[in-house]
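What follows is each chain in one-letter form.
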Amino acid sequence: EYIRSYYYNKLELTRFSSSVGKYVGFTEYGVKNAAAWNSDPSELSAMKAQKEGYCLNHIPVYYSNMLTKS
């Protein structure tokens, strides 16, 4: 699962979760940002591509390293 969170003063404002597939806001400001980002298809496709570009390439390496050390 790919998660990207945005914080300000230790307060989570907005989060993109690949399992949900969109941004979710946790504050009034975060809800406004999430609505704007969710209405932009290129932003959502970019975040979904981040999962494929980062997670799918790195997970097998991290997983195999963890198995060899245990």
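Quick look at the structure, then. (Residues numbered from 1 in each chain as written. Predicted model: local features only at pLDDT ≥ 70, side-chain atom pairs only at ≥ 80, totals over all residues. Heavy atoms only, no water.)

A look at the pairing of strand β2 (residues 11-17)
Side-chain positions along a regular strand alternate between the two faces of the sheet. Under the convention used in this document: A 1.4 Å probe rolled over the protein chains alone gives each residue an accessible area, and that area as a share of the maximum for its type sets the label: buried under 20%, exposed over 50%, partly exposed in between. Numbering of helices and strands runs from the N terminus, with a helix taken as a DSSP run of H or I at least four residues long and a strand as a DSSP run of E at least two residues long. Strands are treated as partners if at least two bridges between them are detected by DSSP.
Burial within β2 is extensive, with 5 of its 7 residues counted as buried. Of the strand pairs in this sheet, strand β1 (residues 3-8) and β2 are connected by 6 bridges, and their pairing is antiparallel. Across the sheet, Arg4 pairs through a bridge with Phe16, a residue of β2. Counted along the chain from β1 to the antiparallel partner β2, the turn is 2 residues long, and its residue Asn9 has a positive phi close to 55°.

Notes on unusual backbone geometry
The phi dihedral of Asn9 is positive, around 55°, even though this residue is not glycine. In this fold, Asn9 is placed in the loop between β1 and β2. Even without being glycine, Lys10 reaches a positive phi, approximately 65°. Residue classification places Lys10 among the exposed positions, given a relative accessible area of 83%.

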